[in-house]
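Given next are the chains, with one letter for each unit.
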Amino acid sequence: VLTDNPNTVVLNTATAFESFGTCTISYDANAGNDTVTNMPESQIKLVGEEITLSDKVPVRSDWIFKGWAKSNTATYPNYPVEQTNKYSTNAHITLYAVWTAQ
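Residues numbered from 1 in each chain as written. Predicted model: local features only at pLDDT ≥ 70, side-chain atom pairs only at ≥ 80, totals over all residues. Heavy atoms only, no water.

Caption draft 1: Here's a closer look at the packing of aromatic side chains. Across all of its chains, the model carries three aromatic pairs by this definition. Centre to centre, the rings of Phe65 and Trp68 are 5.0 Å apart; their planes meet at 65°, and the pair counts as edge-to-face. Look at Phe65 and you get buried, because its relative accessible area is 8%. Taking 5.5 Å as the distance between ring centres and 65° as the angle between the ring planes, the aromatic pair formed by Phe65 and Trp99 counts as edge-to-face. Taken together, the residues span a long stretch of sequence, with Phe65 in strand 4 (residues 63–69) and Trp99 in strand 7 (residues 93–101) at a distance of 34 residues. (Phe/Tyr/Trp six-rings, centres within 6.5 Å; stacked < 30°, edge-to-face > 60°. Buried < 20%, exposed > 50% of the residue type's maximum accessible area, 1.4 Å probe, protein only. Helix = DSSP H or I, 4+ residues; strand = E, 2+ residues; numbered from the N terminus.)

So, in structure tokens, the structure goes:
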């Protein structure tokens, strides 16, 4: 947003961050109190670039990992485990594990 002064620029900090910075992709086991191993670490992506999501497959006793979802209540993943998944949105995101009971 420009002000009346041509030498002053006012930026929305969220927009500025997304325009010039990085975004964090976090992974949540979405398993309540169950123990989950082999969780991926958070990833950092540069704004304007695409990143390949982690291919680590979390492990939880008596459950099958189906992939990652944008919602912690999803029953089907946005990013299925069977494929290589890319993320290009310029925003922070937490992805939640989707599980099916064995």
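Caption draft 2: Inspection of the pairing of strand 4 at higher detail. Two strands pair when backbone bridges link them, and strand 4 and strand 7 are joined in this way by six bridges, in the antiparallel orientation. Bridged to Phe65 within strand 7 is Trp99. Pairing of strand 4 with strand 5 (residues 79–80), which is carried by two bridges, proceeds in the antiparallel orientation. Residue Trp68 lies in a different strand from strand 5, and its bridge partner there is Tyr79. (Pairing = 2+ DSSP bridges.)

Caption draft 3: Structural view of the nonpolar core. Counting 15 residues, the largest nonpolar core has Ile25, Leu53, Trp68, Tyr87 and Leu95 as its most contacted members. Mapped onto this core, the elements with two or more residues apiece are strand 1 (22–28), strand 4 and strand 7. (Core = buried A, V, L, I, M, F, W, Y, C linked by side-chain atoms within 4.5 Å.)

Caption draft 4: The side chain of Gln43, seen in detail. Here Gln43 lies in strand 2 (residues 43–46). For Gln43, the side chain forms a polar contact with the main-chain nitrogen of Ser54, separated by 3.1 Å. For Gln43, the contacting residues outside a window of four places in its chain are Cys23, Thr24, Ile25, Tyr27, Ile51, Thr52, Leu53 and Ser54. (Polar contact = N/O pair within 3.5 Å; in protein donor to acceptor, adjacent residues only side chain to side chain. Contact = heavy atoms within 4.5 Å.)

Caption draft 5: Geometry of the environment of Thr84. Residue position: Thr84 is located in the loop between strand 5 and strand 6 (86–87). Residue Thr84 is classed as exposed on the basis of its relative accessible area of 61%. Here the alpha-carbon distance between Thr84 and Asp55, two residues 29 residues apart in the chain, equals 7.5 Å.

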